[in-house]
Amino acid sequence: MSAPGAVDQQRPLTLLHFFLGGAAFGVDIEQLAAIGVYRGEGEEDDDLYWLHRALGYETPPPYRAPRILSIKDNGASELKPYRLIIEAPEDVRDFDWRQIRPVPPLLAPRLNARGLWGVLPLAGTMILLLDCQRLNLSM
Amino acid sequence: MKLLTRFALFNALTIALVVAVTVVMTVDQVTGRVLLSALLVAVIFTAAATLLARRLVLPTIENFCAITKDIHQRAGSIASAIQQQSGQASRLSSSVVEISSTMEEFSSTASQIAQHSQGVVTRADQTLEDTKRGAAEVENLTFKINDISSNIEANLNEIIALGKKSKEINKIMEIINNIANQTKLIAFNAALEAASAGEAGKRFGVVAVEIRRLADSVVESTAEIEARITEIQDAVNRLVMSSEKSSQLIQEGQEYASHTVVMLIESVDGVEETADSARQISLSTQQQQVASSQVVLALKDIKEGVQVSTNAIQEANRIIGELNTLSTRLQAQSQAVRPDQNPLPLDQDEAAAPAAAGGEQHWT
């Protein structure tokens, strides 16, 4: 899986960094419209999805401070804006593209199907790069 | 009696002879016959008088001898009685000496007991005073414990209030945390907008970063504050538990102190009774000492009296001995004037009566 489409690799990659269930994730802020607070069951809506379900996990990990990411559409007709519930983000940082590593070939089919397109090593952890515009929201 | 008869006859014959010679020498026959007749009459009268006197005096003399013998016997009996009495007096004197010695030891012992009992009284009084002071001190201690308990309770209430305030601080921290998180969220959104704005949003993005860092700093600070507050609350809880335990211990101490006060008060009563009893004993022993001293003095008087009595008995014994000697002599004299009848035997046993104990005896 390649990097999120239409990215300018000349500019640094700005990632929204967060943890969920002990795994580190990073999302390109170019895909995000806004970040909001998840206030509970009153937020249930058709365009609201939990990240763990989108990744294919039924058992929810603990969400300490859930936040709602407003995902932009990709300009194509097949993806409409939606909202994704994640854990509270840790940071927004710029990363060098050259630091990014592709997912291992053995896991690539499975991970790519879930929108995970790369790995970024950082301070002893592995940040899983998530393309929100390629998540399988039907899961 | 023989002596009297002989003496009378001799006198009569002598007178007769003298008169006869005188008459023969001086007067004539008639007068001489008259005188001779008178002389004969005188001689006969004298003989008659002598015989009459003998008959009249003899019973008296015999009575006199009997009385003398009786006196002798009585004197002997008196001497024997006095001797017995002397023996008794000696034994009594010995007993008095022993009793006196025993009473002196008793008096000495009573004196020591009196001194010791007085010491006991002094010690009992001191113990009573100490016990009263102890009771007062324990009572004061009880009051102090009550004060401490009140202070601890007040401190406990203050600590509980402090714990409640720390919980309120926690709520404020939560509010601050919420604000910081929202601020951070705003900073994230600002970063998103800055990224969307491209170059024009770079400064805005810097501001967003700083705001986010400020929010992170606030969150860190609130986390530290929460940690300190948690520590304070834990310390408060430990302090509350410790204070409650201390309060319980103090309450137990109060109970023990109260029991001690009650026991000391009862001890005071007991010690007071003991002191009174000791005083009674001391008084009794002192009275006993005085009485024993008086007994010792009385025994001394008795001893002196016994000694005087013994001396008197000895003197009486001596006198009785002399009396007995006199009676023996009298008896011998009475035998000398008796007519020639069987003489009354002298009471040789009475004459040889044993000497009075401790005294001179004069026997003939």
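Residues numbered from 1 in each chain as written. Chains lettered and ligands numbered in written order. Predicted model: local features only at pLDDT ≥ 70, side-chain atom pairs only at ≥ 80, totals over all residues. Heavy atoms only, no water.

Novice: For this particular structure, what's the right way to read the interface of chain B and chain A?
Specialist: Note on interface size: it is often stated as the accessible area lost on association of the parts. Taken residue by residue, the interface counts 11 residues in chain B and 15 residues in chain A. For the pair chain B and chain A, the summed buried surface comes to about 1,000 Å²; carbon and sulfur atoms form 58% of the total. On the chain B side of the contact with chain A, Leu185, Phe188 and Leu192 of chain B bury the most area, a combined 50% of that side's loss. In this structure, the connection of chain B to chain A is made through 1 salt bridge. Where Arg212 of chain B meets Asp91 of chain A, a salt bridge forms, and the shortest distance between an N and an O atom there is 2.7 Å. For the pair chain B and chain A, the number of links is 4 residue pairs in polar contact (both at pLDDT 80 or more). No other element matches helix H2 (residues 29–197) of chain B, which puts 10 residues into the side of chain B that touches chain A. Taken together, the residues of the side of chain B that touches chain A sort by class into 5 nonpolar, 3 polar and 3 charged. (Contact = heavy atoms within 4.5 Å. Buried area = accessible area lost by both parts, 1.4 Å probe. Salt bridge = Lys/Arg side-chain N within 4 Å of Asp/Glu carboxyl O. Polar contact = N/O pair within 3.5 Å; in protein donor to acceptor, adjacent residues only side chain to side chain. Helix = DSSP H or I, 4+ residues; strand = E, 2+ residues; numbered from the N terminus. Nonpolar A, V, L, I, M, F, W, Y, C, P; charged D, E, K, R; others polar.)

Novice: Just to check I follow, could you spell out the confidence of the model for chain B for this structure?
Specialist: Should pLDDT be low for a region, the predicted coordinates there are not to be read in detail. All names here are of chain B. For chain B, the mean per-residue pLDDT works out to 81, and 88% of the residues sit at or above 70. When the criterion is pLDDT under 50, residues 348–364 qualifies, and its contacts beyond four places in sequence or with other chains add up to 36 contacts. Interface confidence in the predicted complex, given as ipTM, is 0.85; pTM for the same model is 0.51. (pLDDT = per-residue confidence, 0-100.)

Novice: I would appreciate a short explanation of the packing of aromatic side chains in the present structure.
Specialist: By convention here, two paired aromatic rings are described through the distance between centres and the angle between planes. Residue and element names in this part refer to chain A. Using the criterion set out here, one finds 5 aromatic pairs over all chains in the structure. Considering the side-chain rings of Tyr38 and Trp50, the 5.2 Å spacing of their centres and the 75 degrees angle between planes classify their relative orientation as edge-to-face. With a gap of 12 residues between them, Tyr38 in the loop between strand E3 (32–37) and strand E4 (48–50) and Trp50 in strand E4 connect regions that are remote in the sequence. The residues Tyr38 and Trp50 share a single accessibility class, namely buried. Ring centres of Trp50 and Tyr63 lie 4.9 Å apart, and the angle between their planes is 70 degrees; this geometry places the pair in the edge-to-face category. (Phe/Tyr/Trp six-rings, centres within 6.5 Å; stacked < 30°, edge-to-face > 60°. Buried < 20%, exposed > 50% of the residue type's maximum accessible area, 1.4 Å probe, protein only.)

Novice: Is there a simple way to think about the pattern of salt bridges in this case?
Specialist: Once their charged atoms are close, side chains differing in charge can pair, the charge on each being opposite to the other. Throughout the structure, instances matching the rule amount to 14 salt bridges over all chains. Of the charged contacts in the structure, one is a salt bridge between Asp47 of chain A and Arg83 of chain A, with a shortest N-O distance of 3.4 Å. Pair noted here: Asp47 of chain A is in the loop between E3 and E4 and Arg83 of chain A is in strand E6 (residues 82–86), with a separation of 36 residues, a long-range link. In this structure Arg83 of chain A comes out as buried when scored by relative accessible area, which is 18%. Residues Asp96 of chain A and Arg98 of chain A are paired through a salt bridge, measuring 2.9 Å at the closest nitrogen-oxygen approach. By relative accessible area, which is 69% here, Arg98 of chain A ends up exposed. Here the salt bridges share partners, and the residues they tie into one network are Asp125, Asp276 and Arg279 of chain B.

Novice: Quick question: what am I supposed to make of the sheet that holds strand E1 (residues 13–20) of chain A here?
Specialist: Strand pairing in a sheet relies on backbone hydrogen bonds, with the paired strands running either antiparallel or parallel. All names here are of chain A. What the 5 strands build is an open sheet, ordered E7-E1-E2-E9-E8; its pairing is mixed. Since the sheet does not close on itself, it has two edges, and those belong to strand E7 (91–95) and strand E8 (116–122), each with one partner. Direction aside, neighbouring strands of the sheet carry axes that sit 35 degrees apart on average. Of the pairings in the sheet, the one linking E8 to strand E9 (residues 125–130) comprises 6 bridges and is antiparallel in character. The residue bridging Leu122 from the neighbouring strand is Thr125, located in E9. (Pairing = 2+ DSSP bridges. Axes fitted to C-alpha atoms, helices over the stretch in contact; angles between N-to-C directions.)

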